[in-house]
Protein chains: 2
Amino acid sequence: MTKPSFAVVLSGCGVNDGAEIHEAVLTLLSIDRAGGSYQCFAPDIAQRDVINHLTGQEVSAPRNVLVESARIARGKIKALSAFDASQFDTLILPGGFGAAKNLCSFALDGPECSVNVDVERAVKAMRAQGKPIGALCIAPVVLARVLGDVTVTIGTDAGTAAAIEQMGAHHVNKSHGEIVVDQAARVVTAACYMLDATIGQVADGADAVVRELVKMVGR
Amino acid sequence: MTKPSFAVVLSGCGVNDGAEIHEAVLTLLSIDRAGGSYQCFAPDIAQRDVINHLTGQEVSAPRNVLVESARIARGKIKALSAFDASQFDTLILPGGFGAAKNLCSFALDGPECSVNVDVERAVKAMRAQGKPIGALCIAPVVLARVLGDVTVTIGTDAGTAAAIEQMGAHHVNKSHGEIVVDQAARVVTAACYMLDATIGQVADGADAVVRELVKMVGR
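Residues numbered from 1 in each chain as written. Chains lettered and ligands numbered in written order. Predicted model: local features only at pLDDT ≥ 70, side-chain atom pairs only at ≥ 80, totals over all residues. Heavy atoms only, no water.

## Some remarks on the relation of the copies chain B and chain A
Of the two same-sequence chains, chain B is brought onto chain A (RMSD 0.0 Å, axial shift 0.0 Å) by a rotation of 180°. Taken together, the rotation and translation describe the operation of a two-fold axis. For chain B, the residue whose C-alpha comes nearest the rotation axis is Val25(B), separated from it by 3.6 Å. Of all interface residues in chain B, 100% are interface residues in chain A too; the two copies therefore contact each other through one and the same surface. (Least-squares fit on C-alpha atoms with pLDDT ≥ 70 in both. Contact = heavy atoms within 4.5 Å.)

## Considerations on unusual backbone geometry
All names here are of chain A. Positive phi, normally seen in glycine, also occurs at Arg-74, with a value near 55°. Along the chain, Arg-74 falls in the loop between helix H2 (65-72) and strand S5 (77-79). Of the residues examined, Arg-74 reaches a relative accessible area of 24% and is grouped as partly exposed. (Helix = DSSP H or I, 4+ residues; strand = E, 2+ residues; numbered from the N terminus. Buried < 20%, exposed > 50% of the residue type's maximum accessible area, 1.4 Å probe, protein only.)

## Comments concerning the interface of chain B and chain A
Between chain B and chain A, the contact holds 35 residues from the first and 35 residues from the second. Carbon and sulfur atoms supply 59% of the area buried between chain B and chain A, which totals about 3100 Å² over both sides. It is Leu54(B), Arg71(B) and Arg74(B) that lose the most area in chain B upon contact with chain A, and together they represent 25% of the buried surface on that side. Where chain B touches chain A, the interface holds eight salt bridges. Every element with two or more residues in the side of chain B that touches chain A is listed here: helix H1 (21-33), strand S3 (50-51), helix H2 (65-72) and helix H8 (199-217) of chain B. In terms of residue count, the dominant contributor to the side of chain B that touches chain A is H1(B) (eight residues). For the side of chain B that touches chain A, the residue count by class is 19 nonpolar, seven polar and nine charged. (Buried area = accessible area lost by both parts, 1.4 Å probe. Salt bridge = Lys/Arg side-chain N within 4 Å of Asp/Glu carboxyl O. Nonpolar A, V, L, I, M, F, W, Y, C, P; charged D, E, K, R; others polar.)

## Some words on the sheet that holds strand S1 (residues 5-9) of chain B
All names here are of chain B. Taken in spatial order, the seven strands of this open sheet run S5-S2-S1-S6-S7-S11-S10, and their pairing is mixed. Here the strands that pair on one side only, and so sit at the sheet edges, are strand S5 (77-79) and strand S10 (180-182). Recorded for the sheet is a direction-independent mean angle of 25° between the axes of neighbouring strands. The sheet contact formed by strand S7 (residues 133-136) and strand S11 (residues 187-190) spans four bridges and is parallel. Each bridged residue has a counterpart across the sheet, and for Leu-136 the counterpart in S11 is Ala-190. Contacting strand S2 (37-42) and S5, H2 runs over the sheet at an angle of about 165° to S5. Docked against the sheet, H8 engages S1, strand S6 (90-93), S7, S10 and S11, running at close to 170° with respect to S11. (Pairing = 2+ DSSP bridges. Axes fitted to C-alpha atoms, helices over the stretch in contact; angles between N-to-C directions.)

## Structural notes on the pattern of salt bridges
As a working rule, side chains carrying opposite charge can pair if their charged atoms are close by. Counted by the stated rule, this structure contains 18 salt bridges over all chains. Two residues, Asp207(A) and Arg211(A), come together in a salt bridge whose shortest N-O distance is 3.2 Å. Taken together, the residues span about one helical turn, with Asp207(A) and Arg211(A) both in helix H8 (residues 199-217) at a distance of four residues. Its relative accessible area of 24% is what places Asp207(A) among the partly exposed residues. Lys101(B) is the partner of Asp49(B) in a salt bridge, and the nearest nitrogen-oxygen pair spans 3.1 Å. Here Asp49(B) is found in the loop between S2 and S3, whereas its partner Lys101(B) is found in helix H3 (residues 97-101), with 52 residues between them in sequence. One connected set of salt bridges, linked through shared partners, spans Asp17(A), Arg63(A), Glu68(B) and Arg71(B).

## What to know about the packing of aromatic side chains
For the structure shown, the criterion picks out six aromatic pairs over all chains. Note on Phe83(A) and Phe88(A): the rings are 5.6 Å apart at their centroids and 20° apart in plane angle, and the pair reads as stacked. Accessibility expressed as a relative area gives 11% for Phe88(A), which makes it buried. For the ring pair Phe41(B) and Phe88(B), a centre distance of 5.5 Å and an interplane angle of 85° mean the geometry is edge-to-face. Of this pair, Phe41(B) sits in strand S2 while Phe88(B) sits in the loop between S5 and S6, and the two are 47 residues apart along the sequence. Across this residue pair, the class does not change: Phe41(B) and Phe88(B) are buried. The structure contains a cluster of three or more aromatic residues connected by ring pairs, namely Phe41(A), Phe83(A) and Phe88(A). In this structure, Arg74(B) packs its charged tip against the face of Tyr193(A), placed 3.4 Å from the ring centre. (Phe/Tyr/Trp six-rings, centres within 6.5 Å; stacked < 30°, edge-to-face > 60°. Lys NZ or Arg CZ within 6 Å of the ring centre and 35° of its normal.)

Right, here's the structure in full:
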């Protein structure tokens, strides 16, 4: 019995312009606690923007998504262009504005958003191989845009839920620690910090998604 | 019964030039799970250096310790100069090179290191009020330098252990998830990523330190 292997797709390092750090770290912890292994990936592209997380103001010094994601991954990360779906059992996307700014353009374009080419390729490759995919927080919008007919949750935000429906997907309201499992699409989602959550509630959400993915992998 | 209140002192955002992100996040999770509350702090100073975590190379664009720490704290952070020991039950220092580069100069100066003035003031104020202090990974060197006669662990690294002894403190070798408790000094330490650890083992270490601090606070 080999460990279930996770590809974790990061989108920078910091809630306002990258991957939400707690969601990313707690995803890695949940994978480890569930007996899985993980490899982090991120697109090798410039960040959409760089936000000073103390003031909330945009700053002009550019940063790279892969390079900043490497902070969360402690250097053990690969460019998403090198992702090979045959090497992994499942893929998971933590949230943060980076998922809606760097992995796709949802933060700017809403339901008309475009998806980064490497992200789209990775998601489609997993789907083609019948492998389960997880997403936290705002990241389910990426799956809605790429997969279309999929049922997800981003919590209870009505505007985002409506945008998800506009993309041909379906939204279900969920609270802390709850997940939506689309068995047909093999997609598992949880709201995490899309709700006003404590770090413990975010850990519960990440953990529930990871455990469901492990169950779907069936090892 | 009020919640035990933790001051968490961060040193940037990323293992090689700031706070170790996993240790910082897992400290916050452990505090929440233990029923505590937390407020993050960091010194409002330039980082000693900025390291590209993908390549390991130093880069020239400067970053600020408080501003980068705000990424881990999701913006809810204060300058350490505003720290008031009377408002907290306990203080904890996660690790990462930032603890040895930004909170003190140990990474450059070893046992002859100087300690940031706000860090020294915070540690001494907690000590003066008889309140317990925790430290993970390399951060115990800060306590060794400020407090002198204190018993700590940074794991099993002989060179660092010797430097701790040179500062007038005492070192005990410890493995994953183990802590050293100095009851007289009211100091609790664990090695975390100073050992070749998994993220789960780091969570165990942070959790053991936080639970011991809660016990010492006695609520």
